[in-house]
2 protein chains.
Amino acid sequence: MGAHDGHTVQSFEDELTQLTNVIVRMGGLAEAQMASAIHAITRRDSDLASRVIAGDSKVDEMEKEVHALTVRLLALRQPMADDLRSIVAALKISADIERIGDYAANVAKRAMVLNQLPQVTPVAGIPGMGRMVQQIINDVLDAYVERDVEKALAVWHRDEDVDAMHMALFRELLTYMMEDPRNITACTHLMFIAKNIERIGDHATNIAETIHFLVKGQSILLPRPKGASVDEMPMPETGA
Amino acid sequence: MGAHDGHTVQSFEDELTQLTNVIVRMGGLAEAQMASAIHAITRRDSDLASRVIAGDSKVDEMEKEVHALTVRLLALRQPMADDLRSIVAALKISADIERIGDYAANVAKRAMVLNQLPQVTPVAGIPGMGRMVQQIINDVLDAYVERDVEKALAVWHRDEDVDAMHMALFRELLTYMMEDPRNITACTHLMFIAKNIERIGDHATNIAETIHFLVKGQSILLPRPKGASVDEMPMPETGA
């Protein structure tokens, strides 16, 4: 930054701080959207679900705000090295948060359908999975503000726990569907809800990887931890 | 570009062309991955499925190549206005293609599970949906190379047809599951496969939106066309 005078450097740093702030607010909103979507399921509250669906446009707007800020910084400041990496990281992280918001809205849409169907027992597995992923989002945002690689890596490793919880819930849902075809409709929606929550966890893991790249200047060199995935699970034999 | 001499301008344009070329090759690969994943289902070919799964790393590598090229162009060329927009668009489009590759690999993973289960009739709906989305990817890549907004808008509108086909297939699968619990396992995998194909279509729609932004300098102002979505569908009453 030697080429800049003190005033310009300060102002550029202010702008980078502003960028971080918008992203953290955006992340907090997406986290709240996810928490509300899950409440909408457990409390069978369709009004809450429709507020979550409407609220997604706010997350989208904030992504546009990040996008405009980064384009402005790139164009006017022509940053190099660390600063350039901060800006590219901001773009990537905001894209992940935007997707988290989309998945939360999707959970809310399915909550509205579920609320019109008789309640099924395996719904009880959703809040636990939701709490785990909410904590992960919260921690990864902290890691971003603090530029804390250790915290980011801890988040990154926890994706395995989310996958394990997802797998257990998926099996439970499948069993319920096989026991009684009246459960099928609600259970397919719960399967997609669980999948959406698992995907939210994946995006938090992406953010952890971006923080590593941002702070260390290189990618995480470990293979991504993956518990057994539902996509490949050996399925239980169907009954009858 | 007035400040540059002829040589530098030529070379920067070469680099932008190179960027477009990498993206188009990457898109072609992702399209081929999707087509192969669907063949792996219809032909019950698990070897093909495992090649698709292994091939995803090539798509990921190409995204990294695009990323490195754009960071280089931003750092060394400090582009403004149209050129800056080209580079931001390249980053966004490559992220969408990378996701298309992920969904194709996911379809292939589920194909391997499906191939171990007895075949179910509704599998017949998958190739038609696959062909439609493959055509859409093909067209959106053409629109990108040609910077053709009309073609991009035509792709954008076709997302509605994909949603309609997805909805019809989802209903058919649900009916099958209710008729015979022995179909449940295979049908839940087919539901997620259909959802993945629908998501691939969404990413092609994102690319169409990016092309509009790239060429016109502003977003599409129409609301995104959405057929009735499975996420919100009024579900048929379960039998019994």
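Conventions used here
Residues numbered from 1 in each chain as written. Chains lettered and ligands numbered in written order. Predicted model: local features only at pLDDT ≥ 70, side-chain atom pairs only at ≥ 80, totals over all residues. Heavy atoms only, no water. Helix = DSSP H or I, 4+ residues; strand = E, 2+ residues; numbered from the N terminus. Buried < 20%, exposed > 50% of the residue type's maximum accessible area, 1.4 Å probe, protein only. Contact = heavy atoms within 4.5 Å. Areas by Shrake-Rupley, 256 points an atom, 1.4 Å probe, with all protein chains shown as cover. Phe/Tyr/Trp six-rings, centres within 6.5 Å; stacked < 30°, edge-to-face > 60°. Salt bridge = Lys/Arg side-chain N within 4 Å of Asp/Glu carboxyl O. Expected span 1.5 Å × (residues − 1). Polar contact = N/O pair within 3.5 Å; in protein donor to acceptor, adjacent residues only side chain to side chain. Bend = angle between axes of the 7 residues up to and from the residue. Axes fitted to C-alpha atoms, helices over the stretch in contact; angles between N-to-C directions. Parallel < 35°, antiparallel > 145°, perpendicular 65-115°, else oblique. Left-handed = near helix turned anticlockwise from the far one by under 90°. Nonpolar A, V, L, I, M, F, W, Y, C, P; charged D, E, K, R; others polar.

**Some remarks on the overall build of chain A**
- Check the secondary structure of chain A and you find six helices and zero strands.
- Along its sequence from the N terminus, chain A presents helices and strands in the succession α-α-α-α-α-α.
- Counting across all 240 residues of chain A, residues that qualify as buried make up 56%.
- Of the contacts formed within chain A by residues at least 6 apart in sequence, a portion of 84% connects residues at least 24 apart.
- Looking at chain A as shown, the accessible area adds up to about 9,900 Å², and 52% of this sits on carbon and sulfur atoms.

**Things to note about the packing of aromatic side chains**
- A full pass over the atoms with the stated rule returns three aromatic pairs over all chains.
- Their ring planes at 20 degrees and their centres at 4.3 Å tell us that Phe192 of chain A and Phe192 of chain B sit as a pair that is stacked. In this pair, Phe192 of chain A sits in helix H6 (residues 184-216) while Phe192 of chain B sits in helix H6 (residues 184-216), so the two residues belong to two different chains.
- With relative accessibility at 4%, the residue Phe192 of chain A sits in the buried group.

**Quick notes on the environment of Ala111 of chain A**
Residue and element names in this part refer to chain A.
- Inspection of the secondary structure puts Ala111 in helix H3 (residues 81-114).
- Separated by 63 residues in the primary sequence, Ala111 and Leu48 place their C-alpha atoms 9.6 Å from one another.
- With residues near it in sequence (within four places) discarded, Ala111 still touches Ala37, Ala40, Ile41 and Ala49.

**Considering the pattern of salt bridges**
Residues and elements named next belong to chain B.
- Under the counting rule described, the total for this entry stands at 18 salt bridges over all chains.
- A salt bridge links Lys195 to Glu198; the nearest nitrogen and oxygen atoms lie 3.3 Å apart. Here the residue Lys195 and the residue Glu198 both occupy positions in helix H6, the gap between them amounting to three residues, near one helical turn.
- Under the relative-accessibility criterion, Glu198 is labelled buried at 6%.
- For the salt bridge of Arg199 with Asp202, the shortest nitrogen-to-oxygen distance reads 2.8 Å. In this pair, Arg199 and Asp202 are both assigned in helix H6, three residues apart and thus about one turn of the helix distant.

**Topic: helix H5 (residues 149-179) of chain A**
- The terminal C-alpha atoms of H5 of chain A, which comprises 31 residues, lie 46 Å apart, in line with the 45 Å expected from a rise of 1.5 Å per residue.
- Capping the start of H5 of chain A, Asp148 of chain A holds a side-chain oxygen 3.1 Å from the backbone nitrogen of Glu150 of chain A, two or three residues further along.

**A short note on helix H2 (residues 46-77) of chain A**
Residues and elements named next belong to chain A.
- Taking 1.5 Å per residue, 32 residues should reach 46 Å; H2 reaches 47 Å between its end C-alpha atoms and fits that length.
- The largest bend in H2 is about 25 degrees, located at Ala54.
- Capping the start of H2, Asp45 holds a side-chain oxygen 3.1 Å from the backbone nitrogen of Asp47, two or three residues further along.
- Directly beyond the C-terminal end of H2, a positive phi value near 45 degrees is found at Gln78.

**What to know about unusual backbone geometry**
- The phi dihedral of Arg147 of chain A falls on the positive side, at around 50 degrees, and the residue is not glycine.
- Judged by relative accessible area, Arg147 of chain A falls into the partly exposed class, the value being 31%.
- The backbone of Arg44 of chain B sits at a positive phi, close to 50 degrees, despite the residue not being glycine.
- Looking at the element boundaries, Arg44 of chain B is found in the loop between helix H1 (6-42) and helix H2 (46-77).

**Structural notes on the environment of Thr188 of chain A**
- Here Thr188 of chain A shows up in helix H6.
- Its relative accessible area of 1% is what places Thr188 of chain A among the buried residues.

**Observations regarding the environment of Ile100 of chain A**
Residues and elements named next belong to chain A.
- Structurally, the position occupied by Ile100 is in helix H3.
- Measuring from C-alpha to C-alpha, the distance between Ile100 and Gly201 comes to 8.6 Å, with 101 residues separating the pair along the chain.
- For Ile100, the contacting residues outside a window of four places in its chain are Ala30, Ile137, Ile200, His203, Ala204 and Ile207.

**As for the side chain of Gln33 of chain A**
- Here Gln33 of chain A is to be found in helix H1 (residues 6-42).
- Those residues within four positions of Gln33 of chain A in sequence are excluded, and the remaining contacts are Val52, Gly55, Asp56, Val59 and Ala104 of chain A.

**Describing the packing of helix H4 (residues 125-146) of chain B against helix H5 (residues 149-179) of chain B**
All names here are of chain B.
- The interhelical angle for the contact between H4 and H5, taken along N-to-C directions, is 165 degrees, at an axis separation of 10 Å. Judged on the interaxial angle alone, H5 and H4 are roughly antiparallel. Like other packed secondary-structure pairs, H4 and H5 cross with a definite hand, here left-handed.
- By residue class, the composition of the contact of H4 with H5 is twelve nonpolar, four polar and six charged.

Geometric descriptors of this kind do not, in isolation, establish any biological role.
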